[in-house]
Amino acid sequence: MAKQAKKRAAKAVKATIKTGSRTAKKPTKRAKPAARKKAAKRSKTPSKAARTPIRREIVHIPGGRKHGNPVPSCIRMANMVFSASIAGQDVNDVASPDPATQIADAFVNLRKTVEAAGGTTASIARINFYVPDMGQRTHINKEWLAMFPDENDRPVRKVYPMEVPHGLFLQMDFIAVL
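Residues numbered from 1 in each chain as written. Predicted model: local features only at pLDDT ≥ 70, side-chain atom pairs only at ≥ 80, totals over all residues. Heavy atoms only, no water.

## Some details on the overall build of the chain
Then comes step 1: Within the chain one finds five helices and eight strands.
Then comes step 2: Overall, the chain shows an N-to-C arrangement of helices and strands of α-β-β-α-α-β-β-β-α-β-α-β-β.
Then comes step 3: Taken as a whole, the chain presents about 12,900 Å² of accessible surface, with 56% of it coming from carbon and sulfur. (Helix = DSSP H or I, 4+ residues; strand = E, 2+ residues; numbered from the N terminus. Areas by Shrake-Rupley, 256 points an atom, 1.4 Å probe, with all protein chains shown as cover.)

## Description of the nonpolar core
Then comes step 1: With 24 residues, the main nonpolar core has Phe107, Leu110, Ile127, Phe129, Met172 and Phe174 as its most contacted residues.
Then comes step 2: Breaking this core down by element, the ones donating at least two residues are helix 4 (99-116), strand 6 (124-131), helix 5 (137-147) and strand 8 (171-177).
Then comes step 3: For this core, the element with the highest residue contribution is helix 4, accounting for five residues.
Then comes step 4: Excluding residues that lie within four positions of it along the chain, Phe107 makes contacts with Phe129, Ile140, Glu143, Trp144, Met147 and Met172. (Core = buried A, V, L, I, M, F, W, Y, C linked by side-chain atoms within 4.5 Å. Buried < 20%, exposed > 50% of the residue type's maximum accessible area, 1.4 Å probe, protein only. Contact = heavy atoms within 4.5 Å.)

## Some remarks on the sheet that holds strand 4 (residues 74-77)
Then comes step 1: Strand order across the open sheet formed by six strands is 3-4-5-8-6-7, with mixed pairing between neighbours. Two strands in the sheet have a free side with no partner beyond their single neighbour: strand 3 (56-58) and strand 7 (156-161). Going across the sheet, the axis of each strand differs from the next one's by a mean of 15 degrees, ignoring polarity.
Then comes step 2: Against the sheet, helix 4 contacts strand 4, strand 5 (80-83), strand 6 and strand 8, and its axis sits at roughly 30 degrees relative to strand 8. (Pairing = 2+ DSSP bridges. Axes fitted to C-alpha atoms, helices over the stretch in contact; angles between N-to-C directions.)

## Details of the layout of surface pockets
Then comes step 1: Each pocket or cavity is described by its volume, and for the largest pocket that value is around 440 Å³.
Then comes step 2: Considering the residues around the largest pocket, the lining is formed by 21 residues, among which Arg65, Ser85, Ile86, Ala87 and Gln89 are closest to the centre.
Then comes step 3: No other element matches the three residues that helix 4 contributes to the lining of the largest pocket.
Then comes step 4: Taken together, the residues that form the lining of the largest pocket break down as six nonpolar, ten polar and five charged.
Then comes step 5: What the second largest pocket holds in volume is close to 230 Å³.
Then comes step 6: Every residue along the wall of the second largest pocket is listed here: Ile58, Val59, His60, Ile61, Gly64, Arg65, Lys66, His67, Asn69, Val71, Pro72 and Ser73.
Then comes step 7: Taken together, the residues of the lining of the second largest pocket sort by class into five nonpolar, five polar and two charged. (1 Å grid on protein atoms, 1.4 Å probe; cavity = no way out; pocket = protein on both sides within 12 Å on 5 of 7 lines; lining within 4 Å. Points joined across faces, edges and corners; volume = space filled by probe spheres on them. Nonpolar A, V, L, I, M, F, W, Y, C, P; charged D, E, K, R; others polar.)

## With respect to the side chain of Ser73
Then comes step 1: If you trace the backbone, Ser73 turns up in the loop between strand 3 and strand 4.
Then comes step 2: Among the residues examined, Ser73 registers a relative accessible area of 17% and is labelled buried.

And the structure:
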């Protein structure tokens, strides 16, 4: 009898899996294939969103200048907005020789672009600035604080030192979420 009790105890140990302080019985062999079939069926049926590609919608900026290359100035994809280069030209498409004025005009163009896409400056998630001279950051900071005065509600930004077209003190692009 003692031998039979030992055999039953050994079988019981084999039939359980220890997980932490609890023990649970192994799933039966029948449950595994059924669960696999159900998971396979779910993975083969794509959602409607997965079947429908998101299309680019070109954003036309009222009074905005056309991009110099065959590229739209701004696009919208679902609730995301992506801009091409934005510079500091005024309404007459002239860039001021004064860096402070030109950078202020660039921020005006930034606002026009995001609003044309259906958002506000609060929709902007990230702005990249491209400057030939890192000393322009003082002018950028002045306009930045005017546009985003709440220190707890500002987009992220990055200033990159690099060549920009002749006569410009800054170019920028942004990503927004509507």
